[in-house]
Amino acid sequence: MYFVRCRCGDSFASAIVMGYTGKHDMEATLKLANAVGAATATKHGAGRNVASFEMVNRLLYQSMGKEDEHQREVVHKALAILNKRQSAGHHPAVGA
């Protein structure tokens, strides 16, 4: 069976634009963008089948290195960006 996987790049790019225009830490923005793109890849098809907050949150926590203090700090910054968007009522994969 063939499933169409698209919108990953759109979701990734949207997170980059959101981070850049929001003047967020760029390393945290890239970490978040990777998680948003990866979370979108877990969905089937296109359209509104984009990343959920729960999946992005889970992927960010999974990417947190236990030994690397810097990476933990970056993930915490990315989570702060994600939580700010959620509290504002925005979707994680929409840059506006």
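These figures come from a predicted structure and were not determined experimentally.

**Considering the overall build of the protein**
Across its full length, the protein carries four helices and zero strands. Counting helices and strands in the order they occur from the N terminus, the protein gives α-α-α-α. Partitioning the intrachain contacts of the protein with sequence separation of at least 6 by distance along the chain shows that 62% fall at a separation of at least 24.

**Remarks on the packing of helix α3 (residues 53-62) against helix α4 (residues 69-87)**
Their axes nearest at 10 Å, the elements α3 and α4 cross at an angle of 170°. As judged from the angle between their axes, α3 and α4 are roughly antiparallel. On the side of α3, the interface is formed by Phe53, Val56, Asn57, Leu60 and Tyr61, while α4 contributes Val75, Ala78, Leu79, Leu82, Arg85 and Gln86. Looking at the contact of α3 with α4, its residues break down into eight nonpolar, two polar and one charged.

**Here's the deal with α4**
In this model α4 runs 27 Å from its N-terminal to its C-terminal C-alpha over 19 residues, within 8% of the 27 Å that 1.5 Å per residue would give. Among all positions of α4, only Val74, Val75, Ala78, Leu79, Ile81, Leu82 and Arg85 are buried. Each buried residue of α4 sits inside an arc of 155° when the element is viewed along its axis, so together they form one side. With respect to the buried face of α4, the exposed residues turned more than 90 degrees away are Lys84 and Ser87.

**What to know about the confidence of the model for the protein**
Considering every residue of the protein, the mean pLDDT works out to 82; 81% of them sit at 70 or more. Considering each helix and strand of the protein separately, the mean pLDDT is smallest for helix α1 (residues 8-21), with a value of 88, and largest for helix α2 (residues 26-41), with 92.

**Some thoughts on a nonpolar patch on the surface**
The grouping of Phe12, Tyr20, Met26 and Leu30 at the surface amounts to a nonpolar patch, some 390 Å² of accessible area in total. For the nonpolar patch, the elements supplying multiple residues, two or more each, are α1 and α2. Here tyrosine 20 shows up in helix α1. A relative accessible area of 61% means that tyrosine 20 is categorised as exposed.

**Let's talk about the nonpolar core**
Core analysis: the biggest nonpolar cluster contains 20 residues, and Leu32, Val36, Val56, Leu60 and Leu82 have the highest contact counts within it. Those elements that place two or more of their residues in this core are α1, α2, α3 and α4. With near-sequence residues (within four places) excluded, leucine 32 lies in contact with Met18, Val56, Leu60, Ala78, Ile81 and Leu82.

Conventions we followed
- Residues numbered from 1 in each chain as written.
- Predicted model: local features only at pLDDT ≥ 70, side-chain atom pairs only at ≥ 80, totals over all residues.
- Heavy atoms only, no water.
- Helix = DSSP H or I, 4+ residues; strand = E, 2+ residues; numbered from the N terminus.
- Contact = heavy atoms within 4.5 Å.
- Axes fitted to C-alpha atoms, helices over the stretch in contact; angles between N-to-C directions.
- Parallel < 35°, antiparallel > 145°, perpendicular 65-115°, else oblique.
- Nonpolar A, V, L, I, M, F, W, Y, C, P; charged D, E, K, R; others polar.
- Expected span 1.5 Å × (residues − 1).
- Buried < 20%, exposed > 50% of the residue type's maximum accessible area, 1.4 Å probe, protein only.
- Arc of directions from axis to C-beta.
- pLDDT = per-residue confidence, 0-100.
- Patch = residues over 30% accessible without salt bridge, like charges linked within 9 Å, V, L, I, M, F, W, Y side chains within 5 Å.
- Areas by Shrake-Rupley, 256 points an atom, 1.4 Å probe, with all protein chains shown as cover.
- Salt bridge = Lys/Arg side-chain N within 4 Å of Asp/Glu carboxyl O.
- Core = buried A, V, L, I, M, F, W, Y, C linked by side-chain atoms within 4.5 Å.

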